[in-house]
Amino acid sequence: MKRMDKSKKKAAVGTGALGKVEVYLHHVTDAEAACLTDPGNARRLQEVRTRSGADVQVDPNPSSVPDRKTVIIKGDHTQIENAVRLLNQMTGSQEDVLQRAQEFWLKWVEAAFPKFDSQAYFLPPVYINRVPMTRQTIAGQDVLVLQKPSGQAGQSCKVAVNPSPAVQSSIPQPTSVHDSDVRDDAAMQRIFLCLQEMSQQNSEVFVAMSQLQFGEYLGEPCYAAAAAQVPLARSLPPSLPKNWGKGDFDVLLIHREYGFVVCEVKAVGDNVGELGLSQQDMENNIRKKLKQAIVQLDKAEAMLSHLVSDIAPGLRITKTIAVPNLTAHQVEQAIAGDKQLTQDLCRCLGKPQTTDAAGAAGLCLTSDQLSDPKTPWDVSSHVLGELGHWWQRRVADAGPDSHMTLDVYRTLIASAGYTNFQTFCELLLTRVPRLHLWAASCYHGDAPTGFQVEYLTRPLRSPPAVVREVEQDEVITTHRYVQPYRERGVPDHTDGPPVRRVYHRGQDHSRYRLGDCVTCGREVASFLHSLRVGVTGRSTTTSTTLTSTSVGTTPPCLQWRDVLVLYWDYDSDQWGVVTALLEAGIPVEVMKDDDIEDVVTARSDVVWVTRGSRVCGLERKVVVCLDDLNYGYLTCVRLDLMSRCTSQLVIISPDDKPLEGD
């Protein structure tokens, strides 16, 4: 990434550099892992270590891809290559390492980006600014203080954080951050936020990456097997200068229909007043930055063309220059007197037929199409309209690229999308020694090597009746990806309301998915009414069991906001279940992206219907779970959906696929 010290950054995704020692993740099948780790075969791994000189360990944690294990290999380039060769010999693997990597990463894409073919993803999902901090002693306490960057005018913004005595001595002095870094970050963040909003409003499908090093997408031949497909990991052809392998993509979009979109960002123009530049100096600076951008974009195009030549030769690459602090008119003024620059700009941006300065300026992404720098998160409808017009004429007007099939799209994502937690931690520790980092997950196999792990497995929120359902999930009982519950250690107040089951069977039931069944919806509506949900006045005995109140007080009635309907697959306002609930007088809303705050705060007194993956961690007293098990491997219906319930659980199950244990 641009913000990292490039001398310490390994040129391969999924590998980390620790001096001359490198970390390589090699993937084997479960059967091959057993061949290496069974007690009788312990000598095999030792032989690999001895003969290769590398440190070789089979990761005991489950892989993100089913039926695969990860072998962690540490050593220099030659040691790792020898270790991989020996591992293949000992396991009898007939698959080429690169073929194996391709299969692994394609499966990983589907697991990591479940809707990769229907929505946009951003890597990283939020933009991270460089923030200069120093350690100071205030009132006898060490604190971290946000400082103004070197060379930047204005007051610094200070925020004090009190670290514990154990970590005070381990806080490193951060690297100096310059005002140019802060300006670059501000410009990048505006583009990032505007693209996010545009993708949601216009349903654009792409994967967006910011500040990606060429090497992270390219990789080196040996290590690329763990990070990308082989065709994307070849050395540079002789026709390209060797130094062209060094560079970065400020913004790189892999679009489902339009191929690549590469954007070079130049944060020129925001400090004119501070520097006291004349108009002539300002225009000279703009021309200088545009010339730099042209060179960088030409490098990026050459690199991408090379990388995809074996997968989709001729895949479209749309290049653009973003100058978030300049208007199109300012760009036009700056290049109007430079005919050569105007021609170079139009040629680079794919419009050689454009010859005038105004047309060339219109090819750039300017402040005219972006949010206000003072409120970059506020992307107004006007901004979206202007950005949409720019996107249409620069990207969409050419129409879909026939080379970009779904398979090609998946493969390209696989080569770039792997942001591995263990590798991230290893790299982070090289930058911030003695770092104290906390992380939490319901899956117990994600802790990096050397991390202290605590298992919190005592159920606290759900009553035993719900816990008994959740603990039957296959990720707990069979695959062991999640630790099983243990006894609370004390008696429960109550077993909780019995789980209510609705079976999708009989002539009156729809033959389609559970969510389409009006009859199931009517049964759920009848049950909710029997709980006296939404009825004003004193609560019934049944609803009393669903509330947490002190003895001797009158508990409040259940409200519609206490009910959540969860499913695994698609959503629709026309669902049979939704229709039936509405017909029964129950206020129902199907959750959309901009409803998330309302859902979390339960501001509206309605029954929200949504996919369980969108409300992980959210809890409700009454949860209606549509348990259709036809969604494939490890859908985790029990763990992800039923565990949201703190009292009354309602399960709608298909007749032909009853829940395990029913």
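Note on numbering: residues in each chain are counted from 1, in written sequence order. Under the rules for a predicted model, residues below a pLDDT of 70 receive no local features and side-chain atom pairs below 80 are neither given nor counted, while totals for whole chains, interfaces and linings still include all residues. Here the side-chain values reflect all heavy atoms present in the structure, with hydrogen atoms and water set aside.

A few words now on the overall build of the chain. Helix and strand labels come from DSSP, where a helix needs a run of H or I of at least four residues and a strand needs a run of E of at least two; each type is numbered from the N terminus. Within the chain, the regular secondary structure consists of 23 helices and 18 strands. Partly exposed describes any residue whose relative accessible area lies between the buried limit of under 20% and the exposed limit of over 50%, with all areas from a 1.4 Å probe on protein chains only and scaled to the type maximum. By residue count, 48% of the 662 residues in the chain fall in the buried class. Note on areas: these come from Shrake-Rupley sampling with a 1.4 Å probe, and a residue is covered only by the protein chains present in the view. When the accessible surface of the chain is split by element, carbon and sulfur atoms take 51% of a total near 32100 Å².

Attention now goes to the nonpolar core. Of all hydrophobic cores here, the largest spans 50 residues; its most connected members are F260 and I321. Top contributing element to this core by residue count: helix α10 (residues 279-307), with nine residues. We call a set of buried residues a nonpolar core when its members are Ala, Val, Leu, Ile, Met, Phe, Trp, Tyr or Cys and they connect through side-chain atoms within 4.5 Å of each other.

All right, on to a nonpolar patch on the surface then. Patches here are clusters of residues that have more than 30% relative accessible area and form no salt bridge, with a 9 Å joining cutoff for like charges and a 5 Å cutoff for nonpolar side chains (Val, Leu, Ile, Met, Phe, Trp, Tyr). A side-chain nitrogen of Lys or Arg and a carboxyl oxygen of Asp or Glu constitute a salt bridge if their distance falls within 4 Å. A cluster of nonpolar residues, L429, L435 and L437, forms a patch on the protein surface that exposes about 210 Å² of accessible area. Here L429 shows up in helix α16 (residues 421-431). The class for L429 is partly exposed, based on a relative accessible area of 40%.

Under the counting rule described, the total for this entry stands at 13 salt bridges. Residue R561 pairs with D605 through a salt bridge whose shortest N-O separation is 4.0 Å. Remark: D605 occurs in the loop between α22 (596-601) and β16 (607-611) and R561 occurs in the loop between α20 (541-544) and β14 (563-567); sequence separation between them is 44 residues. A cluster of three or more residues bridged by salt bridges with shared partners is formed by D298, E301, K319 and R347.

With axes taken as lines fitted to C-alpha atoms, and helix axes fitted only over the stretch in contact, angles between N-to-C directions fall between 0 and 180 degrees. At a closest axis distance of 10 Å, the pairing of helix α1 (residues 30-37) and helix α3 (residues 77-91) adopts a crossing angle of 95°. The pairing of α1 with α3 is recorded here as roughly perpendicular in orientation. Contact residues: α1 offers E32, C35 and L36, while α3 offers L87, M90 and T91. Amino acids are sorted into nonpolar (Ala, Val, Leu, Ile, Met, Phe, Trp, Tyr, Cys and Pro), charged (Asp, Glu, Lys and Arg) and polar (every other residue, Gly among them). A class-by-class count of the residues in the contact of α1 with α3 yields four nonpolar, one polar and one charged. Note that the term roughly parallel is reserved for angles under 35 degrees, roughly antiparallel for angles over 145, roughly perpendicular for angles of 65 to 115, and oblique for everything else. Any two residues whose heavy atoms approach within 4.5 Å at even a single point are treated as in contact.

How two helices pack is summed up by the angle between their axes together with the distance between the axes. Contact pair α10 / helix α12 (residues 339-348): the axes reach a minimum separation of 10 Å and the direction vectors enclose 35°. Considering how the two elements wind past one another, α10 and α12 form a crossing that is left-handed. Residue-level inspection shows R287, L290, K291, I294, L297 and D298 of α10 in contact with α12, the latter providing L341, D344, L345, R347 and C348. The residue makeup of the contact of α10 with α12, split by class, is six nonpolar, no polar and five charged. By convention, the crossing between two helices is left-handed when the near helix turns anticlockwise from the far helix through less than a right angle, and right-handed when the turn is clockwise.

Right, let's get into the environment of A398. Within the secondary structure, A398 is located in the loop between α14 (381-394) and α15 (406-416). Using a relative accessible area of 57% as the deciding quantity, one classes A398 as exposed. Spatially, the C-alpha atom of A398 lies 9.8 Å from that of R316, the residues being 82 residues apart in sequence.

Time to look at the confidence of the model for the chain. Residue-level confidence of the predictor is summarised by pLDDT, bounded by 0 at the bottom and 100 at the top. Mean pLDDT over the chain stands at 75; residues scoring 70 or higher make up 70%. Ignoring residues within four places in sequence, the model shows residues 152-175, a span with pLDDT below 50, making 44 contacts including any to other chains. Low pLDDT (under 50) marks residues 630-634, which in the prediction has 10 contacts with non-local residues, meaning those over four places away or in another chain.

Buried residues of helix α11 (residues 328-335): V331, A334 and I335, and no others. Across the axial projection of α11, the buried residues extend over an arc of 85°, all falling on one side. On its buried side, α11 packs onto α10, β11 (317-323), α12, α13 (357-362) and β12 (365-366). This arc corresponds to the set of directions leading from the helix axis out to the C-beta atoms.

Backbone geometry at S203 places phi at a positive 55°, although glycine is not the residue there. The topology assignment puts S203 in the loop between α6 (179-202) and β8 (206-213). Positive phi is not limited to glycine here, since R532 has a value of about 65°.

This part covers the packing of aromatic side chains. The relative placement of two aromatic rings is captured by the distance of their centres and the angle of their planes. The aromatic pairing rule takes the rings of Phe, Tyr and Trp, using the six-membered ring of Trp, and pairs them if the centres are within 6.5 Å, calling planes under 30 degrees apart stacked, those over 60 edge-to-face and the rest tilted. In this structure the tally under the stated criterion is four aromatic pairs. For the ring pair F116 and Y409, a centre distance of 6.1 Å and an interplane angle of 25° mean the geometry is stacked. Here F116, found in the loop between α4 (97-112) and β5 (121-123), pairs with Y409, found in helix α15; they are 293 residues apart in sequence, far enough to count as distant. Of the two residues examined, F116 and Y409, each falls in the buried class. Here the aromatic rings of F122 and F206 are separated by 5.7 Å at their centres, their planes lie at 75°, and the arrangement is edge-to-face. Residue F122 is located in strand β5, and its partner F206 is located in strand β8; the two are separated by 84 residues in the primary sequence.

What follows is about α12. Listed in full, the buried residues belonging to α12 are L341, T342, L345, C346 and C348. Viewed along the axis of α12, the buried residues span an arc of 165°, placing them on a single side of the element. Packed against the buried residues of α12 are α10, β11, α11 and α13. Count one or two residues on from α12 and you reach G350, which has phi positive near 80°.

Another aspect to go through is the environment of H504. Its location among the elements puts H504 in strand β13 (residues 500-504). C-alpha separation for the pair H504 and S653, spaced 149 residues apart in sequence, amounts to 5.9 Å.

A few words now on the sheet that holds β16. The strands that make up a sheet are held in pairs by hydrogen bonds between backbone atoms, and each pair lies either parallel or antiparallel. Being paired, for any two strands, means DSSP has found at least two bridges between them. An order of β13-β18-β17-β14-β16-β15 is seen for the six strands of this open sheet, with the pairing classed as parallel. Bordering the open sheet on either side are β13 and β15 (588-590), each of which pairs with just one other strand. The average angle at which neighbouring strand axes cross in this sheet is 20°, direction not considered. As judged from the three bridges shared by β15 and β16, these two strands associate in the parallel manner.

Take the side chain of T610 next. Here T610 shows up in strand β16. When neighbours within four sequence positions are excluded, T610 is seen to be in contact with L564, V565, L566, Y567, M591 and V615.

Our next topic: the side chain of D338. The topology assignment puts D338 in the loop between α11 and α12. Buried charge D338 goes without a salt bridge, the closest partner of opposite sign being K291 at 4.1 Å. Excluding residues that lie within four positions of it along the chain, D338 makes contacts with R287 and K291. Charge convention: Lys and Arg are scored as positive, Asp and Glu as negative, and His as well as the terminal groups of each chain are ignored.

For this text, the term disulfide refers to a pair of cysteine sulfurs within 2.5 Å. The final tally for this structure, using the stated rule, is zero disulfides. In this model C346 remains outside any disulfide bridge; the closest cysteine sulfur is found in C364, 8.9 Å from its own.

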